[in-house]
Amino acid sequence: MLIFERNSELKIYLDKIRAESRQIGFVPTMGALHAGHISLINESKKQELFTVCSIFVNPTQFNDKKDLENYPRTPEKDIEMLRQSGCDALFMPNAEEIYPKEDTRVFNFGELDTLLEGALRPGHFNGVAKVVSILFDKIKPNVAFFGSKDYQQVMVIKALVKQSNLPVKIVACPIIREADGLAMSSRNMRLTKEEREAAKLIPLLLNESKLLFKARKPISEIKGFIASKLAQKPTYKLDYFEICDPQDLHILTDKNEVKQGIALIACFVGNIRLIDNLLLD
Ligand code: AMP
């Protein structure tokens, strides 16, 4: 696996790949890799693409400075995992390579940016759009792979591609989970043993919400049930639990007659903020 820190060197190399008529698959990450990230690499490899992974902890998407400082960084382990996965190239730029001058662009994703994560993390998706558009411009991938764990993020990226007319196909990949159902996340490694044990409640509650949705319980009742379960747990602080339309993330109410929904949750377990989601049908 080739490792690049500079745009200029990466560009020369990828130009050669393109000249050989090879297609490029891209997996952007913030590192502290786990099997969820590797599943995206595997999907790109399965599609026989020259696979580029990036590791960049993007400062513009953190609205909490402490969160940025505390974000886990495990570069040696990441490189080893990527080598073993068969990833072809890794781009590990520093902040000056990505933002040589301040990026003042303001994107407009409409309601998508005001709901759920958008409401609780102002500026987050604008920062995501900045970094992804810069990385797409440098790597010029044919296909880019994102995890459905960050469901709203995938929708924002699709909107970005559409409104900027970018020639890249976006592939959303399934959520990879631990044996007890907890969605894999770089943040999980920061949970204490007790918090990690408590965190398995999140997928259990999502599954319960699926059963209640199937049984056609009112959405208000499902939301009340989840909130009351978490209120009993002192380690938890619920940011939101919503049932939305999977097509546009519109928040559903009992008035909406829909066959399919998506349950999305964000909560703190101790000091660690976790998100997860589950399709309901
Ligand atoms: P991150 O490093 O957290 O920015 O994630 C990089 C990419 O990996 C994003 O597209 C995430 O949605 C995806 N990802 C993170 N966790 C998982 C998971 N458990 N399963 C599948 N994809 C994931």
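Residues numbered from 1 in each chain as written. Predicted model: local features only at pLDDT ≥ 70, side-chain atom pairs only at ≥ 80, totals over all residues. Heavy atoms only, no water.

Enquirer: I tried to follow the environment of Asn207 on my own but got confused; where do I start?
Expert: Assignment of secondary structure puts Asn207 in helix α10 (residues 201-214). The spatial distance from the C-alpha of Asn207 to the C-alpha of Leu279 is 9.5 Å, given a sequence separation of 72 residues. (Helix = DSSP H or I, 4+ residues; strand = E, 2+ residues; numbered from the N terminus.)

Enquirer: Looking at this structure, I do not really get the site of the ligand. What am I missing?
Expert: Around the ligand, a shell composed of 16 residues is seen, among which Met30, Gly147, Asp150, Ile176 and Met184 lie nearest. A distance of 2.9 Å is found between an oxygen atom of the ligand and a backbone nitrogen or oxygen belonging to Gly147. Taken by itself the ligand offers 490 Å² of open surface, and the protein chains cover 92% of this. Here the element with the most residues in the shell around the ligand is helix α2 (residues 35-46); it accounts for 3 residues. Of the residues assigned to the shell around the ligand, the class counts are 9 nonpolar, 5 polar and 2 charged. (Near = heavy atom within 4 Å. Polar contact = N/O pair within 3.5 Å; in protein donor to acceptor, adjacent residues only side chain to side chain. Areas by Shrake-Rupley, 256 points an atom, 1.4 Å probe, with all protein chains shown as cover. Nonpolar A, V, L, I, M, F, W, Y, C, P; charged D, E, K, R; others polar.)

Enquirer: Looking at this model, I keep getting lost on helix α8 (residues 151-163). Mind explaining?
Expert: Helical geometry note: an α-helix holds 3.6 residues per turn, so side chains three or four residues apart project in the same direction. The end-to-end C-alpha distance of α8, which contains 13 residues, comes to 19 Å, matching closely the 18 Å that a straight helix rising 1.5 Å per residue would cover. Taken together, the buried positions of α8 are Tyr151, Gln152, Gln153, Val154, Met155, Val156, Ile157, Leu160 and Val161. Close packing links the buried residues of α8 with α6 (116-120), α7 (124-139), β5 (143-147), β6 (169-173), β8 (261-269) and β9 (272-280). (Expected span 1.5 Å × (residues − 1). Buried < 20%, exposed > 50% of the residue type's maximum accessible area, 1.4 Å probe, protein only. Contact = heavy atoms within 4.5 Å.)

Enquirer: Got a minute to help me understand the sheet that holds strand β7 (residues 236-244) in this structure?
Expert: The strands making up a sheet associate through backbone hydrogen bonding, with each pair oriented either parallel or antiparallel. Pairing is antiparallel across the open sheet formed by 3 strands, whose spatial order is β7-β8-β9. Only two strands of the sheet have a single neighbouring strand rather than two, namely β7 and β9. Shown here is a sheet whose adjacent strand axes are inclined to one another by a mean of 10 degrees, direction ignored. In the sheet, β7 pairs with β8 via 8 bridges, with the strands oriented antiparallel. (Pairing = 2+ DSSP bridges. Axes fitted to C-alpha atoms, helices over the stretch in contact; angles between N-to-C directions.)

Enquirer: Can you walk me through the pairing of β6 in this structure?
Expert: For a regular strand, the rule is simple: side chains alternate between the two faces of the sheet. Here β5 runs beside β6; their pairing, made up of 5 bridges, is parallel. Counterpart to Val143 in the pairing with β6 is Lys169. Since β5 and β6 lie parallel, the crossover through α8 that links them has a hand, and here it is right-handed. (Right-handed = clockwise from strand over helix to strand, strands pointing away.)

Enquirer: Is there a simple way to think about the environment of Pro246 in this case?
Expert: Counting through the fold element by element, Pro246 comes out in the loop between β7 and β8. Taking the C-alpha atoms as reference, Pro246 lies 7.7 Å from Leu279; in sequence the two are 33 residues apart. Beyond its immediate stretch of four places on either side in the chain, Pro246 contacts Tyr151, Met155, Gln260, Gly261, Ile262 and Leu279.

Enquirer: Would you explain the packing of α7 against α8 in this entry?
Expert: Helix-helix packing is described using two parameters, namely the angle between the two axes and the distance between the axes. Two elements in contact, α7 and α8, have axes whose closest approach is 10 Å; the angle formed by their N-to-C orientations is 55 degrees. Between α7 and α8, the angle falls in the class oblique. For the pair α7 and α8, the crossing hand works out as right-handed. The segment α7 lies against α8, with Phe125, Val128, Ala129, Val132, Ser133 and Phe136 engaging Gln152, Gln153, Val156, Ile157, Leu160 and Val161. Among the residues making up the contact of α7 with α8, the classes are represented as 9 nonpolar, 3 polar and no charged. (Parallel < 35°, antiparallel > 145°, perpendicular 65-115°, else oblique. Left-handed = near helix turned anticlockwise from the far one by under 90°.)

Enquirer: Help me out: how do you make sense of the pairing of β9 in this one?
Expert: Of all 9 residues in β9, 8 are buried; the element is thus mostly enclosed. Examined bridge by bridge, β8 and β9 share 9 bridges and lie antiparallel to one another. Following the sheet pairing, Ala266 is matched in β9 by Ile275. Remark: 2 residues form the turn of the hairpin made by β8 and β9, two consecutive strands paired antiparallel; Gly270 in that turn has positive phi of roughly 60 degrees.

Enquirer: Can you walk me through the nonpolar core in this structure?
Expert: Where a protein is soluble and globular, its nonpolar side chains tend to be buried together. Core analysis: the biggest nonpolar cluster contains 45 residues, and Phe136, Ile170 and Leu249 have the highest contact counts within it. Examining the composition of this core, we find that 9 residues originate from one element, α7, more than from any other. Those residues in contact with Ile170 that lie beyond four places of it in its chain are Phe136, Ala144, Phe146, Val154, Ile157, Lys158 and Val161. Listed in part, the 24 residues of the second largest apolar core include Phe213, Ile226, Cys267 and Val269. (Core = buried A, V, L, I, M, F, W, Y, C linked by side-chain atoms within 4.5 Å.)

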